[in-house]
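# Secondary and tertiary structure notes
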Amino acid sequence: MKKITTFLVVCAALLATNCSSEDDGPTRPPGDASVTFNGTVKIIMQDYCLSCHGDPPVNGAPISLVTATEVKSAIENSALVTRIENGTMPPGNRPKLTDDEIQLVKDWQAGGFKE
């Protein structure tokens, strides 16, 4: 009986340490050139940017970030990556991109802005 109890305690401990709700990190390794606009970046833009940077832009947003061409232009000409890294975008108390999401945008850029 003592062996069964010990066995059950060990199993319970293993389950408790292996079944965690914590984020396991990015879904792609940093620098992954397979990141695409339609598969990854578009979703990030929808989640964080399009409430102001839609088509047409609202709330004083100067540009639209709906298409791959528009986001690419913002990265190349408007310091979009710098703004999301330093937290000035999205502005105010709006939710900020996670480090993993920022890395995915950077990976898209490094991979040649694949659609």
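What you are looking at is a predicted structure, and each value in this text was computed from that prediction instead of being measured. (Residues numbered from 1 in each chain as written. Predicted model: local features only at pLDDT ≥ 70, side-chain atom pairs only at ≥ 80, totals over all residues. Heavy atoms only, no water.)

Looking at soluble globular proteins, one finds that nonpolar side chains tend to be buried together. If you look at the biggest cluster of nonpolar residues, it comprises 21 residues, and the most contacted ones within it are V41, I44, M45, V71, I75, V105 and W108. Secondary-structure elements contributing two or more residues to this core are α2 (37-48), α3 (68-77), α4 (80-85) and α5 (99-110). If we ignore the near neighbours within four places in the chain, the residues touching V71 are F37, V41, M45, L65, L80 and W108. (Core = buried A, V, L, I, M, F, W, Y, C linked by side-chain atoms within 4.5 Å. Buried < 20%, exposed > 50% of the residue type's maximum accessible area, 1.4 Å probe, protein only. Helix = DSSP H or I, 4+ residues; strand = E, 2+ residues; numbered from the N terminus. Contact = heavy atoms within 4.5 Å.)

With omega at 5°, the peptide bond leading from D55 into P56 counts as cis. Looking at the secondary structure, you find P56 in the loop between α2 and α3. Cis geometry marks the peptide bond from M89 to P90; its omega dihedral reads -10°. With respect to the element layout, P90 can be found in the loop between α4 and α5. For A79, which is not glycine, the phi torsion reads 55° and is therefore positive. Judged by relative accessible area, A79 falls into the partly exposed class, the value being 36%.

Per the stated rule, a full pass over the model turns up two aromatic pairs. The interplanar angle of 40° and the centroid separation of 5.6 Å between the aromatic rings of F37 and W108 together place this pair among those described as tilted. Taken together, the residues span a long stretch of sequence, with F37 in helix α2 and W108 in helix α5 at a distance of 71 residues. Like F37, the residue W108 is buried in the burial classification. Ring centres of W108 and F113 lie 4.8 Å apart, and the angle between their planes is 85°; on these two criteria the pair is classed as edge-to-face. (Phe/Tyr/Trp six-rings, centres within 6.5 Å; stacked < 30°, edge-to-face > 60°.)

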